[in-house]
Amino acid sequence: MKVRDLLAEASIELHGAATSKEDAIKKMVDLMVARGNINDRDTYEKGVFAREKESTTGIGDGIAIPHCKSDAVSAPGLAAMVLPEGVEFDSLDGEPAKLIFLIAAPNTKDNVHLEVLSRLSELLMDGDFVQSLMNAGSKAEFLDIIETAEAKKAAADAEKENADTKGVEVLAVTACPTGIAHTYMAAEAIEKAAKDLGVKAKVETRGSSGAKNVITDEEIKSAKGIIVAADAKVPMERFAGKPLIEVAVADGIHKADELVMR
């Protein structure tokens, strides 16, 4: 399932405005309802606010990704809003949110919202991509930008999956308490930093859908060092005797260059 497939023009607002986080979420729910995949608006909205009480989905850099898995959702969907003036969203960096995506997922075992959220989080690590969405002149252009970015990301992922990990220099593990956005954003940031610095790296993500791109014993043996950017429990005994940097997952997102250099 693609991010693009879950959006419709009816669920996009390019010139949004909100007076508060609560107001923004209610307007996002209205957009989701307009998409036609919510069978009980009040229940779904309560679920979004309940999730927000667990921890903020204002991930920083002007982005928020509220989400809810609920019986009130008949089919998975996305809503998106650009707020040129921004809105206070209890974001981790204290900055207002200017681009909000809302995720709706049915209450099924496949956890489709986690897959979409991880993919969306990775795409949103690209500042040029975010700026392009902010500047989109039409809803059709907004959708085209996402479709193009997804195709590019799929090609990059395929290349990474087939890449030779022999001689990897830096290994990393990322994880956060909810195992969603920050896990994948930190992984994307570290991978990008390593590539920019000409360093061969591999990142294991430990998200809600399980551990992916798992580091092997052979890779650990040959690596120069390990980065663990996590706010959740990570199996550490496998790294015994290796140079290790252990930091918060937020540092993996915002200090990736520094970590790889260290």
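Going along each chain's sequence as written, the residues are numbered from 1 onward. Where totals are concerned, whole chains, interfaces and linings use all residues; where local detail is concerned, this predicted model gives features only for residues with pLDDT of at least 70, and gives and counts side-chain atom pairs only at 80 or more. Heavy atoms from the whole structure form the basis of all side-chain values; hydrogens and water molecules are not counted.

Q: So, the packing of aromatic side chains: which residues are in play, and what are the values?
A: Stacked, edge-to-face and tilted are the three classes for Phe, Tyr and Trp ring pairs, Trp counted by its six-membered ring, which pair at centre distances within 6.5 Å; planes under 30 degrees apart are stacked, over 60 edge-to-face, the rest tilted. Tallied over the entire structure, the rule returns one aromatic pair. When the centroid spacing of 6.2 Å and the interplanar angle of 35° are considered together, the rings of phenylalanine 101 and phenylalanine 142 count as tilted. Of this pair, phenylalanine 101 sits in strand 6 (residues 97-106) while phenylalanine 142 sits in helix 5 (residues 139-161), and the two are 41 residues apart along the sequence. We classify phenylalanine 101 as buried; its relative accessible area is 0%. Helix numbers and strand numbers start at the N terminus; a helix is a DSSP run of H or I with at least 4 residues, a strand a run of E with at least 2. The buried label goes to any residue with under 20% of its type's maximum accessible area, the exposed label to any with over 50%, and the partly exposed label to all in between, with areas taken from a 1.4 Å probe on protein chains only.

Q: So what about unusual backbone geometry? Which residues, and what values?
A: Even without glycine at this site, aspartate 90 takes up a positive phi of about 55°. Of note, aspartate 90 is situated in the loop between strand 5 (77-87) and strand 6. Overall, the relative accessible area of 47% leaves aspartate 90 in the partly exposed class. Phi at asparagine 213 is positive, roughly 55°, even though this residue is not glycine.

Q: Would you mind going over the side chain of serine 91 in detail, with residue names and values included?
A: Residue position: serine 91 is located in the loop between strand 5 and strand 6. Under the relative-accessibility criterion, serine 91 is labelled buried at 9%. Only heavy atoms enter the contact rule, under which two residues are in contact if any of them lie within 4.5 Å. In this structure serine 91 touches Thr56, Gly58 and Gly60, once residues within four positions along its chain are discounted.

Q: Explain the sheet that holds strand 11 (residues 244-247) to me, and be specific about the residues and the numbers.
A: Here, a strand pair is defined by DSSP locating no fewer than two bridges between the strands. Reading across the sheet, the five strands line up as 9-8-7-10-11 and stay open at both edges, with mixed pairing between neighbours. The open sheet is flanked by strand 9 (210-212) and strand 11, the only strands paired with a single partner. Between one strand and the next, the sheet's axes are offset by a mean angle of 10°, whatever the strand orientation. Relative to strand 11, strand 10 (residues 225-230) is paired through four bridges, and the arrangement is parallel. Paired with alanine 229 across the strands is valine 247, a residue of strand 11. Lying on the sheet, helix 6 (residues 181-196) is in contact with strand 7 (170-175), strand 8 (201-207) and strand 10; it crosses strand 8 at an angle near 180°. Lines fitted to C-alpha atoms define the axes, with helix axes restricted to the stretch in contact, and inter-axis angles between N-to-C directions lie between 0 and 180 degrees.

Q: Could you give an account of the pattern of salt bridges, naming the residues involved and the relevant values?
A: Side chains that differ in sign of charge can pair as their charged atoms come close. Any Lys or Arg side-chain nitrogen found within 4 Å of a carboxyl oxygen on Asp or Glu counts as a salt bridge. Overall, the coordinates contain 14 salt bridges when judged by the stated rule. The residue glutamate 52 makes a salt bridge to lysine 21 at a minimum N-O spacing of 3.0 Å. Separated by 31 residues along the polypeptide, glutamate 52 in helix 2 (residues 41-54) and lysine 21 in helix 1 (residues 21-35) bring together distant segments of the chain. In terms of burial, glutamate 52 and lysine 21 fall into one category: buried. One salt-bridge network, held together by shared partners, links Lys21, Glu52 and Asp90.

Q: For the confidence of the model for the protein, give the residues involved together with the corresponding values.
A: Residues at a pLDDT of 70 or more form 95% of the protein, whose mean pLDDT is 90. How sure the predictor is of each residue is captured by pLDDT, a score from 0 to 100. Highest mean pLDDT in the protein belongs to strand 1 (residues 12-13) (98); lowest belongs to helix 3 (residues 112-123) (77).

Q: I'd like a description of the environment of threonine 108, backed by residues and values.
A: Tracing the chain through its elements places threonine 108 in the loop between strand 6 and helix 3. Taking relative accessible area as the criterion, threonine 108 reaches 35% and is therefore assigned partly exposed.

Q: Describe helix 6, and please don't skip the residues or the numbers.
A: Two residues of an α-helix separated by three or four positions point the same way, owing to the 3.6 residues in each turn. Any helix carries an expected span of 1.5 Å times its number of residues minus one. A rise of 1.5 Å per residue sets the reference length of helix 6, with its 16 residues, at 22 Å; its end C-alpha atoms lie 22 Å apart and thus fit the reference within 8%. For helix 6, the buried fraction is high: 13 of the 16 residues fall into the buried class. Glycine 198 lies just past helix 6 and shows a positive phi near 70°.

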